[in-house]
Amino acid sequence: MNRNRPTAEHPVIREYAKQAKTYDSRWAFYVRATTNATIARLPDDLGDILDVGCGTGALLSRLAIAAPETRVVGMDASADMLDVARSRLPNRVELREGWAEKIPFGDASFDTAISCNMFHYIRNPQIALDEIFRVLRPGGTLVLTDWCDDYWVCKLCDVYLRWFDPSHFRMYGLSQCRELLNATEAHSIAIETYKISWLWGLMTAIATKSPHG
């Protein structure tokens, strides 16, 4: 048995096996808005890129165009979402199945790690962040976009999802996100909160790994 392979019994796997084929059409505005917000906050020099929790590849498809000469890799726990991603992405984009808490790549493999709309599913956030910084090269950058619990609508949604959606784990506010990142190898941290609609709020954290490793 491959211990790195996500199990079908996990609630995230079950949920996205059901959603994979209709996810992009069902959540079109949300996917477009969050992808735009994340891309607008990426560093100019991306280098080799890892998208952690790449889903159906909406962000990867744009990164492959923006960075045609660089290595672009996506990773997700859902094989069904990855199947959709393969259908839309060029062959040069590498896709791997795995959890953020145990990233299937060696130390210092990437210059940029991106996570968009995924962090609220992670059961062990500190382990996941440590793994992301492990696979980043010295001086590499993490760009993490997720729902922000500092907005009251998100806070209510978080309470609802904790009761009724077993795939959901929890949302974080700005101070909680900073606390998690402060416990990693981050050399510098900047976090921005903003809305993508009159109700829904996000935050993007940009953290750089120490240039000395």
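Above this note sits the structure.
We now turn to the structure provided with this report. Every chain's residues receive numbers from 1 upward, in the order its sequence appears when written. Only residues with pLDDT of 70 or above have their local features reported here, since the model is predicted, and side-chain atom pairs are shown and tallied only from 80 upward, although totals for entire chains, interfaces and linings are computed over all residues. Heavy atoms throughout the structure, all of them, feed into the side-chain values; hydrogens and water do not.

One requirement defines pairing of two strands: DSSP has to find at least two bridges between them. Only DSSP runs of H or I covering at least 4 residues are called helices, and only runs of E covering at least 2 are called strands; the numbering of each starts at the N terminus. With nine bridges connecting them, strand S6 (residues 186-195) and strand S7 (residues 201-209) associate as antiparallel partners. Its bridge partner lying in S7, Glu192 is registered against Thr204.

Moving on, we come to the pattern of salt bridges. A side-chain nitrogen of Lys or Arg and a carboxyl oxygen of Asp or Glu constitute a salt bridge if their distance falls within 4 Å. Under the criterion given, the structure shown has twelve salt bridges. One salt bridge in this structure joins Arg137 and Asp111, with 2.8 Å as the shortest N-O distance. Of this pair, Arg137 sits in strand S5 (residues 136-147) while Asp111 sits in strand S4 (residues 110-116), and the two are 26 residues apart along the sequence. Lys155 is paired through a salt bridge with Asp149; the nearest N and O atoms lie 3.2 Å apart.

Put simply, buried Ala, Val, Leu, Ile, Met, Phe, Trp, Tyr and Cys residues joined by side-chain atoms within 4.5 Å make one nonpolar core. Summary of the burial criterion: residues with accessible area below 20% of their type's maximum are buried, those above 50% are exposed, and those between are partly exposed, where the area comes from a 1.4 Å probe applied to protein chains only. Core analysis: the biggest nonpolar cluster contains 51 residues, and Leu50, Val52, Ile103, Leu142, Leu181 and Trp200 have the highest contact counts within it. Examining the composition of this core, we find that five residues originate from one element, helix H6 (residues 125-135), more than from any other. Here, residues are in contact when the closest pair of their heavy atoms is within 4.5 Å. For Leu142, the contacting residues outside a window of four places in its chain are Ala113, Leu129, Ile132, Phe133, Leu136, Leu181, Ala205, Ile206 and Ala207.

Moving on, we come to H6. Among all positions of H6, only Pro125, Ala128, Leu129, Glu131, Ile132, Phe133 and Val135 are buried. Buried positions along H6 lie against strand S1 (49-52), S4, S5, helix H8 (174-182), S6 and S7.

It is worth spelling out the sheet that holds S1 at this point. Pairing in this open sheet of seven strands is mixed, and the strands run S3-S2-S1-S4-S5-S7-S6 from one edge to the other. A single partner strand is all that each edge strand has here, and the edge strands are strand S3 (94-97) and S6. Direction aside, the axes of adjacent strands within the sheet are offset by 15° on average. Both S1 and S4 contribute to a ladder of three bridges, which runs parallel. Counted as the bridge partner of Ile49 is Thr112 from S4. The strands touched by helix H4 (residues 58-66) are S1, strand S2 (72-76), S3 and S4; relative to S2, the strand with the most contacts, the crossing angle is about 175°. Working convention: axes come from line fits to C-alpha atoms, limited for helices to the stretch in contact. Angles between N-to-C directions cover 0 to 180 degrees. Against the sheet, H6 touches S1, S4, S5, S6 and S7, its axis set at about 140° to S5.

On to the packing of helix H3 (residues 28-39) against H4. Packing of H3 against H4 leaves a shortest axis separation of 10 Å and a crossing angle of 45°. By the angle between their directions, the pair H3 and H4 is classed as oblique. You can see that H3 and H4 cross each other, and the crossing is right-handed. Between H3, through Val31, Thr35, Asn36, Thr38 and Ile39, and H4, the contact on the second element is made entirely by Ala58, Leu59 and Arg62. Each residue gets one of three labels, nonpolar for Ala, Val, Leu, Ile, Met, Phe, Trp, Tyr, Cys and Pro, charged for Asp, Glu, Lys and Arg, and polar for the others, Gly among them. For the contact of H3 with H4, the residue count by class is four nonpolar, three polar and one charged. Angular relationships are summarised with four words: roughly parallel below 35 degrees, roughly antiparallel beyond 145, roughly perpendicular across 65 to 115, and oblique for the angles in between. It is the rotation of the near helix from the far one that decides the hand of a crossing: anticlockwise by less than a right angle makes it left-handed, clockwise makes it right-handed.

The complete set of buried residues in helix H5 (residues 79-88) reads Met81, Leu82, Val84 and Ala85. For H5, the angular spread of buried residues about the axis comes to 155°, placing them on one side. On its buried side, H5 packs onto helix H1 (11-19), helix H2 (23-26), S2 and S3. Directions from the helix axis toward the C-beta atoms define the arc.

The next subject is the side chain of Thr204. Looking at the secondary structure, you find Thr204 in strand S7. By relative accessible area, Thr204 is classed as buried at 1%. One polar contact links Thr204 to Thr145, side chain to side chain, over a distance of 2.8 Å. Beyond its immediate chain neighbours, meaning those up to four positions away, Thr204 contacts Arg41, Val143, Leu144, Thr145, Ala190, Ile191, Glu192 and Tyr194. Contacts described as polar in this section are N or O atom pairs within 3.5 Å, which, within protein, must combine one atom able to donate a hydrogen with one able to accept it, while residues neighboring in sequence count only if both atoms come from side chains.

Turning next to the packing of aromatic side chains. Each aromatic pair joins two rings of Phe, Tyr and Trp (for Trp, the six-membered one) with centres within 6.5 Å, and gets the label stacked for planes under 30 degrees apart, edge-to-face for over 60, and tilted for any other angle. All told, the structure shown has seven aromatic pairs when counted by the stated rule. Note on Tyr160 and Phe164: the rings are 4.9 Å apart at their centroids and 40° apart in plane angle, and the pair reads as tilted. Of the two residues, Tyr160 and Phe164 both sit in helix H7 (residues 152-164), four residues apart, roughly one turn of that helix. Exposure class is identical for Tyr160 and Phe164. Each is exposed. Taken together, the ring pairs in this structure connect Tyr16, Tyr23 and Tyr121 into an aromatic cluster. For a ring to carry a charge above it, either NZ of a lysine or CZ of an arginine must fall within 6 Å of the ring centroid while also lying within 35 degrees of the normal to the ring plane. Directly above the aromatic system of Tyr194 lies the positively charged group of Arg41, at a separation of 3.9 Å from the ring centroid. One residue, Arg96, lies across the ring of Phe105, its end atom 4.8 Å from the ring centre.

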